[in-house]
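# Results of the structural survey
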Amino acid sequence: MNAFAQAQVMSHDGMGASRLILEVRDLNVWFGQDGDSRRHVVKGVDLELYAGQCIALVGESGSGKSVTARSLIGLAGAGSRVEAANLTFEGETLLGRSDRWWRHVRGSKIGLILQDALVSLDPLRPVGKEIDEALWLHRWGDRASRREKILKILGQVGVPEPALRAKQRSGELSGGLRQRALIAAAIALHPNVVIADEPTTALDVTVQAQVLGVLKQMLARGTSIILISHDLAVVSKLADIIYVMRGGSIVEAGPRDRVLNRPRHRYTQQLIDAVPSEHTKGTRLSADGGVLRPGLFSQSRGRSSNNRVPLLDARNIVKTFRSPDGIRRTVVKGVSFTLARGETLGIVGESGSGKSTLARVALSLETPDSGEVRFEGRIWTGAVPAEQRQIRKRISVVYQDPLSSFDPRWRVSRILTDAITLANPSRAQDARQYAAALLEAVGLEPVHLDRWPLQMSGGQRQRVAIARAIATEPEIIILDEAVSALDVSVQAQILDLLTDLQAQLGISYLFISHDLGVIHHMSDRVLVMKDGKAVEQGTADQVFYHPKHAYTQSLLASLPRLEYAQLRMAASAR
Amino acid sequence: MPVISSGLDMVPADDVQPRSSSNLTRRILRRLGATLFVLWGTVTITFLVLSILPGDRATILLNIRSGQAIERTPEELAPINAAYGFDQPIAVQYIRYVSGLLHGDLGASYELQRPVLNIISEQIAPTFTLAIAALVLAWIFTIPWTLLTAGRGARLGAFGSAAETILAGLPQYWVGILLLIVFAIWLNWFPVIGGTGLVNTVLPTVTLAVPLAGFIGQSIRSEFDRAMREPFVLSARARGMSAAGVRARHVLRHALIPGITLSGWAIGHLLSGTVLVEAVFARPGLGAVLVNAVNTKDFALVSGILILNSFLYVLINFIVDLIYLVVDPRLRDKA
């Protein structure tokens, strides 16, 4: 209680009055044995954390941000070697401590919150038991007082009906509730410092806003937070000081507003520029792009056909699934949309809103219970299989994780030539050359033909997936969360690539994403889905600037944005 | 169940408590239905095999009793056919057979002229005790071994895994003879000649448990390693739990599931597979009875043992299924 009262006196914007809680000088972490296999993943990191402050480590995957944070609780990982000139927490060194000492500190003085509580809490146990464990491990109270305490903490992080929720497992709770339960387990003993490693990643935007609210309350109660995130917009909501990491080193550090508005390092600038939003519409997000050879595609594509008929026309689609317990759930409830040639239609909605099912119906992979899909005016749903196949050739799909849609035993060359010859058997002779040209078109090189997908980075794999998608010279590409798993700078490159391909080839995109910024950046028109219904449809600017439906408004209100004015408001609100 | 996130803190309808428990009841009932179906199938198949088997049953009966192997005249066969009902239509025989079973009547042994149920009940106890004891002992070996060697680095894991592979490959008769030589003959700790007392049960139990522990260990090790990489392990460590605590309190439970599956299978295997061990240790049990009954073509006794074994097997798998629900409560949500 003492620490609480003390922290509450201090303000967390100024540093002068606050107490230095954590000091890190020249932190280095290596993994693996000595020799060639040894990797230097954190290189000379300096950090300072003052009481009641939130510092953020921002960086892309592999930047060493998580390892840095985990070495602060002595859990850098198996086979790691941690060295530092100075690693001091509340006046005591963290170096060379015994396991017993660490166990005492973890959970009681420093807490850790991870991504996705579905797997970060033991899925076999009720969440109450997980929180109880945190108390029990530190010999806090007896059974009855712990039970009382569990309910109190759950209430504190905004879990309604804590007595009921405590008995449920993480899989039984909604995304927002289980993330709160995870936070409750980490802060049960009110640690002074909480490390939050991507605490809102993979959450729907409204849930994300709620979790950010909980973290903000923790800050207000005087807890210091080390926030680790790849998402600058999330960071801008919470952090006082931002450390930008790349390749294991800190490239830039400073107060939030300064770093976001006047970045000094080129990489920081790149990161900020790469975030797609309403402001980036029509601009490039990255520096590079692919080269499309003239004449790569045959010109005999169906361009000449009637332009007044929409390319894809879905009318009143209804799709119902029967779940294993025999209950019918209507996933898509009467959605209509059209997609014109060369246009991008963005479909946005939270998980479970029916966007992917709608896309599968559009692809005729699912037969709708009612409604129809027309391709160039021809009814496609329920057409004879031969005709369906003809049309399906003209539509490609790119999924979030291309690895699962590639045969792992095929090299890139086979993945591409397979698609090429399937679409156009006459290309069998020069399929490999054509595949090489496709790779160049998506910003890869012919040498990648002989790679295995497993050997490639996420961005490269997604490029291969796009190359495969355009190999059939499609008129429509359905992009189902195609950039959602990528780092922001890679995402920027892929989005630019898609924009270029559309400009050059006149392909239409059905762009499905939960990310409002990406949708606004890419889409001409937007369809907002909620619980299987299209609640709003219109041009991107209409929907984003003048949302009519309450749900769209709440979505946009919960979206963390990177804007100066907003930062100002947030700062003064605190 | 896919979670339908409405953005608000709504819990999917399927997760409300009463639904969950009615799911559970339904699941148990369904499982019970399946169990009864399997039993019915076993009984029917056993009956059909018996009645359409080559060789006249009455002839076999007479020959077993007299210890001869000769053709019998219709005059000799008629009283037997009448006594056993072999002259009735097959449907009538079937109904009589099933209703007998329902009343606990497994028929009479051809050779011993005694009710099959009596013969089995005299011999089942040592066999059943041995099978259950072996399974329990196998788990007692496996759990500490897994906790000691799994998920603690590649080298230790490879060592643990290699040891399990070797154990799993050991032939039971060889283990049995080795144990007899070492512990009964050299060290004189246990009697050489079998019986059904506690001291007599130790070596046969170990003999059966050792290879089984290897199998179970192999099956839970990979699951253990996988669970060690789950983020909840890091969460628990960050709460202040020791590495050993996380392994024992969180990870082990995840790893048990494939081992439990294997145990259901192993019980069936043990019940009918104790023959060798019973022979090596000169121990009474169902195994010897079964071998003898097969040799003498005592079909009534063979089928009685068969039906009993499948009954136990199905019953134990039903229990295993309930254990699943305790170990992995997520399964309760699935209908």
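Just so you know, these numbers come straight off a predicted model, no measurement behind them.

A count of helices and strands for chain A gives 22 helices and 21 strands. Here the C-alpha atoms of chain A give a radius of gyration of 26 Å, agreeing with the 25 Å that 2.2 N^0.38 yields for 574 residues. Along the first, second and third principal axes, the C-alpha atoms of chain A reach 75 × 55 × 45 Å. In chain A, buried positions account for 55% of the 574 residues. Residue pairs at least 24 apart in sequence account for 69% of intrachain contacts in chain A once pairs closer than 6 positions are excluded. Summed over its atoms, the accessible surface of chain A is roughly 23600 Å², and 50% of this surface lies on carbon and sulfur atoms. Put simply, chain A has 72 plus and 60 minus side-chain charges, and the middle of one group is 3 Å from the middle of the other.

Along the backbone of chain B there are 14 helices and 0 strands. Ordered by position from N to C terminus, the α and β elements of chain B give α-α-α-α-α-α-α-α-α-α-α-α-α-α. Over its C-alpha atoms, taken along the principal directions, chain B stretches across nearly 85 × 65 × 30 Å. Taken across its 335 residues, chain B has 46% of its residues classed as buried. In the structure as shown, chain B presents an accessible area of about 16400 Å², 71% of it carried by carbon and sulfur atoms.

Attention now moves to the side chain of glutamate 473 of chain A. Along the chain, glutamate 473 of chain A falls in the loop between α17 (458–471) and β18 (476–480). Here arginine 427 of chain A takes part through its side chain, which lies 3.1 Å from a polar atom of the side chain of glutamate 473 of chain A.

This part covers the sheet that holds strand β21 (residues 533–539) of chain A. Residues and elements named next belong to chain A. Pairing within the open sheet is mixed, and its 6 strands lie in the order β17-β18-β19-β14-β20-β21. Of all strands in the sheet, those with a lone pairing partner are β17 (395–398) and β21, marking the two edges. This sheet shows a mean twist of 15° between the axes of neighbouring strands, independent of strand direction. With 5 bridges joining them, strand β14 (residues 344–348) and strand β19 (residues 508–513) adopt parallel strand pairing.

Glancing now at helix α5 (residues 127–137) of chain A. Within α5 of chain A the residues assigned to the buried category are Val127, Gly128, Glu130, Ile131, Glu133, Ala134 and Leu135 of chain A. Packing partners of the buried residues in α5 of chain A comprise α6 (143–156), α7 (162–166) and α8 (175–187) of chain A together with α9 (231–238) and α10 (243–273) of chain B. After α5 of chain A finishes, the residue arginine 139 of chain A shows a positive phi value of roughly 55°.

Residue and element names in this part refer to chain A. Between α17 and helix α18 (residues 488–505), the shortest axis-to-axis distance is 10 Å and the interhelical angle comes to 15°. On the basis of the axis angle, α17 is roughly parallel to α18. Crossing of α17 over α18 shows right-handed handedness. The residues of α18 that touch α17, namely those facing Gly459, Gln462, Arg463, Ile466 and Ile470, are Val490, Gln493, Ile494, Leu497, Leu498 and Leu501. Grouping the amino acids of the contact of α17 with α18 by side-chain chemistry returns 7 nonpolar, 3 polar and 1 charged.

Residue and element names in this part refer to chain B. Following the UniProt record, one finds the feature "transmembrane region" (unreviewed entry) at residues 32–53, 124–145, 166–189, 201–220, 255–281 and 301–327. Secondary structure across residues 201–220 comprises 100% helix and 0% strand; the distance between its end C-alpha atoms is 27 Å. In this annotation, residues 301–327 is assigned 100% helix and 0% strand; the end-to-end C-alpha distance for the span is 38 Å.

Located in the positive-phi region is glutamate 376 of chain A, a residue other than glycine, with phi close to 50°. Tracing the backbone through its elements, the reader meets glutamate 376 of chain A in the loop between β15 (370–375) and β16 (378–379). Using a relative accessible area of 23% as the deciding quantity, one classes glutamate 376 of chain A as partly exposed. One non-glycine residue, asparagine 188 of chain B, adopts positive backbone phi at about 60°. Structurally, the position occupied by asparagine 188 of chain B is in the loop between α7 (172–186) and α8 (198–228).

Residue and element names in this part refer to chain A. Of all 8 residues in helix α13 (residues 355–362), 6 are buried; the element is thus mostly enclosed. For α13, every residue scored as buried is listed here: Lys355, Thr357, Leu358, Ala359, Val361 and Ala362. Positive backbone phi, at 65°, marks serine 364, one or two positions downstream of α13.

Inspection of the entire model under this criterion finds 6 aromatic pairs over all chains. The interplanar angle of 75° and the centroid separation of 5.4 Å between the aromatic rings of tryptophan 101 of chain A and tryptophan 102 of chain A together place this pair among those described as edge-to-face. Per residue, the accessibility class of tryptophan 101 of chain A equals that of tryptophan 102 of chain A, and both read buried. Here a set of aromatic residues connected by ring pairs shows up, and it is made of Phe47, Tyr94 and Tyr97 of chain B. The aromatic ring of tryptophan 30 of chain A is capped on one face by arginine 81 of chain A, whose charged end is 5.0 Å from the ring centroid. For the cation-ring pair, arginine 97 of chain A lies above tryptophan 101 of chain A, with the distance from its terminal atom to the ring centre recorded as 4.1 Å.

Residues and elements named next belong to chain A. Under the defined criterion, the tally for this structure stands at 40 salt bridges over all chains. Among the salt bridges present, the one from aspartate 197 reaches arginine 70, with a minimum N-O distance of 3.0 Å. A residue pair is termed long-range when its members are at least 10 positions apart, and aspartate 197 in strand β8 (residues 193–197) and arginine 70 in helix α2 (residues 65–71) qualify at 127 residues. Take aspartate 197: its relative accessible area is 4%, and that puts it in the buried class. For aspartate 450, the salt bridge identified is with arginine 432, shortest N-O distance 3.5 Å.

Residues and elements named next belong to chain A. One open sheet holds the 4 strands; their spatial order is β13-β12-β15-β16, and the pairing between them is antiparallel. Each having just a single partner strand, β13 (328–339) and β16 make up the two edges of the open sheet. Looking at chain direction, β15 and β16 are connected through 2 bridges and run antiparallel. Paired with arginine 374 across the strands is isoleucine 379, a residue of β16.

Once that is clear, we can look at the UniProt feature "domain: ABC transporter" (unreviewed entry) in chain A. Feature annotation in UniProt assigns "domain: ABC transporter" (unreviewed entry) to the following positions: residues 24–272 and 312–556 of chain A. Structurally, residues 24–272 of chain A is divided into 39% helix and 25% strand, and its ends, taken at the C-alpha atoms, are 26 Å apart.

Take the pairing of β18 of chain A next. Residue and element names in this part refer to chain A. Judged by how many residues are buried, β18 sits mostly within the fold: 5 of 5 residues are covered. Residues Ile476, Ile478 and Asp480 line one face of β18 and the alternating positions Ile477 and Leu479 line the opposite face, and both faces are buried. Relative to β18, β17 runs parallel, the two being bridged by 4 bridges. Bridge assignment links serine 396 to a residue of β18, and that residue is isoleucine 477. Bridge analysis of β18 against β19 gives 5 bridges, and the strand direction is parallel. Within β19, the residue paired with isoleucine 476 across the bridge is serine 508. Taking the sense of rotation as the criterion, the β-α-β connection linking β18, α18 and β19 turns out right-handed.

What follows is about the UniProt feature "domain: ABC transmembrane type-1" (unreviewed entry) in chain B. Taking the UniProt record as the reference, the feature "domain: ABC transmembrane type-1" (unreviewed entry) is found at residues 124–324 of chain B. Across residues 124–324 of chain B, helical content stands at 84% and strand content at 0%; the span's end C-alpha atoms are separated by 27 Å.

Attention shifts here to the environment of proline 74 of chain B. Looking at the element boundaries, proline 74 of chain B is found in helix α3 (residues 74–84). By relative accessible area, proline 74 of chain B is classed as exposed at 58%.

Moving on, we get to the environment of threonine 261 of chain B. Residue and element names in this part refer to chain B. Mapped onto the fold, threonine 261 is located in helix α10. In this structure, the C-alpha to C-alpha distance between threonine 261 and valine 320, residues 59 residues apart in sequence, is 7.3 Å. At a separation of 2.4 Å, a polar atom in the side chain of threonine 261 contacts the side chain of tyrosine 324.

Residues and elements named next belong to chain A. Within the element layout of this structure, leucine 449 appears in the loop between α16 (431–441) and α17. Remark: the alpha-carbon pair of leucine 449 and serine 413, spanning 36 residues in sequence, is separated by 4.5 Å. In this structure, leucine 449 is in contact with Arg411, Val412, Ser413, Leu416, Arg432, Ala435, Ala436 and Leu439, ignoring residues within four places of it in sequence.

Basis of the calculations
Each chain carries its own residue numbering, running from 1 in the direction its sequence is written. Numbering of ligands from 1 and lettering of chains from A proceed in the order in which they are written. Selection of residues for local features in this predicted model requires a pLDDT of at least 70, selection of side-chain atom pairs for listing and counting requires 80 or more, and totals for whole chains, interfaces and linings are taken over all residues. Water and hydrogen atoms were dropped before computing side-chain values, which therefore reflect all heavy atoms in the structure. Secondary structure elements are defined from DSSP: runs of H or I of at least 4 residues count as helices, runs of E of at least 2 residues count as strands, and each element is numbered from the N terminus. Our radius of gyration is a C-alpha quantity, and the globule rule it is checked against amounts to 2.2 Å times the number of residues to the power 0.38. Each residue is assigned to one of three classes by its accessible area relative to the maximum for its type, calculated with a 1.4 Å probe on protein chains only: buried under 20%, partly exposed between the two thresholds, exposed over 50%. Whether two residues touch is decided by their heavy atoms; if any such pair falls within 4.5 Å, the residues are in contact. Accessible surface is estimated by sampling points in the Shrake-Rupley manner with a 1.4 Å probe; for residues, cover comes only from the protein chains shown. When charges are tallied, Lys and Arg are placed among the positive residues and Asp and Glu among the negative ones, while His and the ends of the chain are skipped. For this purpose, a charge sits on NZ of Lys, CZ of Arg, CG of Asp or CD of Glu. Under the rule applied, a polar contact is a pair of N or O atoms within 3.5 Å (in protein, one hydrogen donor and one hydrogen acceptor; residues adjacent in sequence only if both atoms are side-chain atoms). A pair of strands is labelled paired if DSSP reports no fewer than 2 bridges between them. Geometry is summarised by axes, namely lines fitted to C-alpha atoms with helices restricted to the contacting stretch, and by angles between N-to-C directions that run from 0 to 180 degrees. Each angle receives one of four descriptions, namely roughly parallel if under 35 degrees, roughly antiparallel if over 145, roughly perpendicular if within 65 to 115, and oblique otherwise. Should the near helix be turned anticlockwise from the far one by less than a right angle, the crossing is termed left-handed; should it be turned clockwise, right-handed. Residues are grouped as follows: nonpolar covers Ala, Val, Leu, Ile, Met, Phe, Trp, Tyr, Cys and Pro; charged covers Asp, Glu, Lys and Arg; every other residue, Gly included, is treated as polar. UniProt positions are given in the numbering used here, feature names are shortened, and annotations may be inferred rather than shown by experiment. Geometry of aromatic contacts follows a simple scheme: Phe, Tyr and Trp rings, the Trp one being its six-membered ring, pair when their centres are within 6.5 Å, and the pair is stacked under 30 degrees between planes, edge-to-face over 60, tilted otherwise. Counting as a charge over the ring demands two things of the Lys NZ or Arg CZ atom: a distance within 6 Å of the ring centre and an angle within 35 degrees of the ring normal. For this document, the term salt bridge refers to a Lys or Arg side-chain nitrogen within 4 Å of an Asp or Glu carboxyl oxygen. Here is how to tell: hold the view so the strands point away, follow the path from the first strand over the helix to the second, and if it runs clockwise the crossover is right-handed.

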